[in-house]
Amino acid sequence: MTRFLWLIFLLLITGTATAQTAPERYPLIPYPASLTPATGTFTITKATQLALPKEGKHFEKEAEQLQALLRNGVGAPLKTTKKLVANGIELRYDASIMAPEGYRLTITPQQMTLAAKEPAGMFRAVQTVRQLLPATIEKAGKSAAPMTLPAVQIEDQPAYAWRGMHLDVSRHFFDVAYIKKYMDLLALYKFNKLHLHLTDDQGWRLEIKKYPKLTEVGAWRTFNNQDSACIKKSKDNPDFALEPKHLRQRNGQTEYGGFYTQDEMRGIIAYATARHIEVIPEIDMPGHMMAAIRAYPFLTCNGKNDWGKLFSTPICPCNESTYEFVENVLKEVAALFPSPYVHIGADEVDKASWNTTACTELMQKEGIKDVNGLQSYFVRRVERFLQSKGKKMIGWDDMLEGGIDPSATVMYWRSWVKDAPAKAIRNGNPLIMTPVSTLYFDNLPDKNSLGKVYDFDVVPAGVDAAQSQKALLGAQANLWTEQVPSENRADYMVMPRMTALAEVVWTNKKQYASYLTRLRQHYPRLALLNVHYRVPDLAGFSEESVFTDKTSLQVEKPLDNLIIRYTTDGSIPTDASPVLPAALPITQPTTVKLVAFTPEGLRGDTYAIRYKQQAYAAPVSAKAPAPGLTATYFTGYFKKSALMQQAKANGSTTVTSVQVPKQAEADQFGVQFRGYLDVPETGIYTFYLTCDDGGTLRLADRIVVDNDGLHSAIEKTGQVALTKGLHPIALDFVEGGGGYMLLLKYSKDGSEPQQVPANWLKH
Ligand code: ACM
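Values in this document were obtained by computation on a predicted structure and should not be read as measured data.

Paired through their backbone hydrogen bonds, the strands of a sheet run either parallel or antiparallel. If you walk across this open sheet you meet the 4 strands as β21-β26-β25-β23, and the pairing is mixed. With one partner strand each, in any of the chains shown, β21 (544–547) and β23 (563–567) form the two edges of the open sheet. On average, each strand axis in the sheet is inclined to that of its neighbour by 25 degrees, with strand direction left out of account. As paired elements, strand β25 (residues 590–597) and strand β26 (residues 603–613) share 7 bridges and run antiparallel to each other. Within the sheet, the bridge partner assigned to V592 lies in β26 and is I609.

What follows deals with the pattern of salt bridges. Per the stated rule, a full pass over the model turns up 35 salt bridges. Put simply, K245 and D175 hold a salt bridge, and the shortest N to O gap is 2.8 Å. In this pair, K245 sits in the loop between α7 (225–233) and β13 (247–250) while D175 sits in the loop between β8 (162–168) and α5 (176–188), placing the two residues 70 residues apart along the sequence. Residue D175 is classed as buried on the basis of its relative accessible area of 17%. For R674, the salt bridge goes to D732, with nearest N and O atoms at 2.8 Å.

This part takes up the state of the cysteines. Overall, the coordinates contain 2 disulfides when judged by the stated rule. With its sulfur 2.0 Å from that of its partner, C301 forms a disulfide with C316. One quick way to see it: the torsion about the S-S bond of C301 and C316 is about 85 degrees, and its sign makes the bridge right-handed. Taken together, the positions of C301 in the loop between α9 (290–295) and α10 (320–336) and C316 in the loop between α9 and α10 put the pair 15 residues apart, joining distant regions of the chain. Across the disulfide from C318 sits C359; the S-S distance is 2.1 Å. An S-S torsion of about 90 degrees defines the bridge between C318 and C359 as right-handed. A residue pair is termed long-range when its members are at least 10 positions apart, and C318 in the loop between α9 and α10 and C359 in helix α11 (residues 357–366) qualify at 41 residues. When its relative accessible area of 11% is taken as the criterion, C318 is described as buried. Overall, the relative accessible area of 1% leaves C359 in the buried class.

Between two packed helices, both the angle of their axes relative to each other and the distance between the axes serve to describe the pair. With their axes 9 Å apart at the nearest point, helix α3 (residues 60–74) and helix α4 (residues 119–132) run at an angle of 10 degrees to one another. Between α3 and α4, the crossing angle belongs to the class labelled roughly parallel. For the element pair α3 and α4, the recorded crossing hand is right-handed. Along the contact surface, α3 presents E62, Q65, L66 and L69, while α4 presents P119, M122, F123, V126, V129 and R130. Class assignment of the residues belonging to the contact of α3 with α4 gives a composition of 7 nonpolar, 1 polar and 2 charged.

Across the 10 residues of strand β30 (residues 683–692), 10 count as buried, placing the element largely inside the fold. Pairing of β30 with strand β33 (residues 714–722) involves 9 bridges; the strand directions are antiparallel. By the bridge assignment, Y685 is partnered in β33 with V720. In terms of strand pairing, β30 meets strand β35 (residues 741–748) through 8 bridges, oriented antiparallel. Bridged to C691 within β35 is L742.

What counts, and where the lines are drawn
- Residues numbered from 1 in each chain as written.
- Predicted model: local features only at pLDDT ≥ 70, side-chain atom pairs only at ≥ 80, totals over all residues.
- Heavy atoms only, no water.
- Pairing = 2+ DSSP bridges.
- Helix = DSSP H or I, 4+ residues; strand = E, 2+ residues; numbered from the N terminus.
- Axes fitted to C-alpha atoms, helices over the stretch in contact; angles between N-to-C directions.
- Salt bridge = Lys/Arg side-chain N within 4 Å of Asp/Glu carboxyl O.
- Buried < 20%, exposed > 50% of the residue type's maximum accessible area, 1.4 Å probe, protein only.
- Disulfide = S-S within 2.5 Å.
- Parallel < 35°, antiparallel > 145°, perpendicular 65-115°, else oblique.
- Left-handed = near helix turned anticlockwise from the far one by under 90°.
- Contact = heavy atoms within 4.5 Å.
- Nonpolar A, V, L, I, M, F, W, Y, C, P; charged D, E, K, R; others polar.

See below:
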C-alpha cells in the first residue's frame, strides 16, 4: 500500500475522517480538570432507568434536577431503581471524592454514572451532563434531537473556591425573575457566588423592616443623569430603554425604582441554594449612601446629602446614631442571608464632611490621626459587629488605606493600585480578584475582550504560589449598571464574557482555541435560554479602510448561521436590508454598514467600514535617522490628545518601542511620540491601536486611527497606503487616571496583527 492509501485505510477503520476533535465532541465550559475521550455514545430514551444511591436522600434534589432536564428530552420522568441496570443512569455516593464540588462522570455506550460525595459536586456533574446533551434539552417540546451523549471519563473539581458574578441592582433595578435567569447562567457555567450590590447612591433595594423609608423613599428616584444618558442611547439601540416595569407615577412625575421584600429575597436565596450558589449581600457604606441619607438625613455629619469632588457625602462615623442605624440594618441582613459573608463596600469615600466637633472628639478619644483613620475605625467597628452575628466582612480594597484587621476579606478592584493585592496578602487578608481592567463587565465589550478575560491570571503580580494558595479565594466579574438599564443589555454585557471567566476560575488552564471551538456550540443553547448574548465579532476588515484602485469586502463569519446585512446609504442595516454577498466590490469611496443577525433575530453590533481612496504616500528623506521615537511627556488631565498642544511639556526622551516612558507615569498624563516609520515594502498597512485611555495615530500626515477620548482599553484600526521608505509618524496618547494601556500592532495583506518592529522606528 502506498503511504497515501494506508492513510485512507487508517482513516476508514478508525472513523477519524469525520471524527470530531475533543473540543468539538465535548463542548464543555468550563473544561473539566481531567477529561479522557472514549468512543461510542450513550443514548437516553424513555426506557432508561435512573438508579439513586443507597445512601438514602443524599442526592434527592440533584436527581430531581436531572429528571427535570431530561424530561424536556424524553417527555416524562425516568423510572427510578435501586440498582444500576443496562441502559441506566446512576447517581452514586462516593466518599473518596474529597475536593469540594468535585465529581466524576463516566459515560459508556451502556451506562452513565455521576459520582460525588457532596450534593454540590453532584450538581456540577449534572451541569456537565446538561452541556453534553443537545441544546434542545433546554426547552420543553423542542427536542427533536436524540438524547445522545459522547462516551467519556471525567474527573473534575474547581481550581478556585470563589467563582463569582456580581450584579449592581441599585443603579438600575433587576427583578426577581431576572436574578433567577442570571443565576441559571451562573449554574450552567459552574459559578458558586452571586454578589448583589443592593444599595448605592441611586437606590436602596432591600426591605429593612426597622427602617421602612429606606425602600419607601430610597428605592425610587426621578430620572437621573444615568437614566437620561440611557434614554438618549435607546434611540439607536432599544436595549438602552429603561424597563417600563420599573417605572411608576407619583405626584405627576415618573419615578424609577424597585426593591426586594425580605420574602422575595428569601425566594432568591432558596433558588440560589438549590443551585449551590451563595448570595453575598453588599450594603455599601460609609460612602455610596445617598439613597439611605435621603430617607434618614441624620446619617451624615453635616446634614447635607450632595456630591463632593468625586463621590457623595458619606454617613458619619463620629455619631453613635450612625452605628445604631448600621447595626440595626446589618442585623436584619445577617439574619436574612445564610452566606457567612456580608460585603460592606467601604469604597470611594469623600471624607470632607468628617470635620465636625464630634469627629474631633472621637479622634482625640481614640487616638486617630486623620480621616483615613476614621474610616478604619468605622470599618473595624462594623466588622466586629458582623463577627458578633457570626459573619465575616468583605470590603473593596480602598479599605486597606487606613489599615484593616487581617480577618477582613478584601475584594480587589482598583487595577491602578498595583500593589494592593500583595499588600492585602502580606497583611493576612483573604483576597478576591475583581480588577476593573479585566473583570468589570460594564466595560464595553469588543472583539478583544473575550480573549482578555480568558487570559486573566487570577494570581496577582507580586504574590507567589504559596502565598496565593493560602489567601487567594478566587475571582469574580462585576456588572455595574449605570449604563445597563435593561435585562437584554445585561445579558449582552455578561455573555459570553462570563463563560471565559468560568474557565479561568474553574479550569485555570489556558487553551483559548479549544475554548472558542467549544463556545461556538453554546450559542444555540443560550438562544434557547432566551439570552440576548453579544453576537461574536465579524472579522476580515478594518473599519477605516483604504484602497488605491479597487478592492472587495469579504467578511469572515464567526458562526455559520449568521446572516449579514448591509447598507451603503449611511442607514443602520435592518433585518430587511440586503444580504452581504461573499465579496462586495468597492470601486469608489463609500461607507458600508454591516449588522449580523442570528437565526433567532438577535442583532450584532453595527460595523461601519469607511473606504477612502488613497494614492501610495511618497516617502520622505531624512539624513541618517537615529533608532527609536521621540516621546515628549506632559503631566496633566487631557480629555483629548489635541489638548496637549497647549500644554507645557515636562520632558522628552527616546523610546525604542511604542510604550509609555517611565518618566510619564503620573496619575494623569499625555505623551506625544514623533519620528518616522520605516516600512520595508509598498502596500496597504492596517494599524491596530489599543488605548486606555485615548490615542490617535497619524502616518504620512494622514489620520490612520482615531481612538481618542477617555475610555477603557479599546482597540481601533485604520489603514494607510504607504510606499516603501520613511514616513512621518505622530502618535498621541492620553491617560486620564486609573491605569493605562497602549499597544500598537500592524498587519499587511491580511497577515496576523503583530508588533511594529523596533527597527521600523526612527527619529
Ligand atoms: C467600585 O467599583 N467602586 C468598587
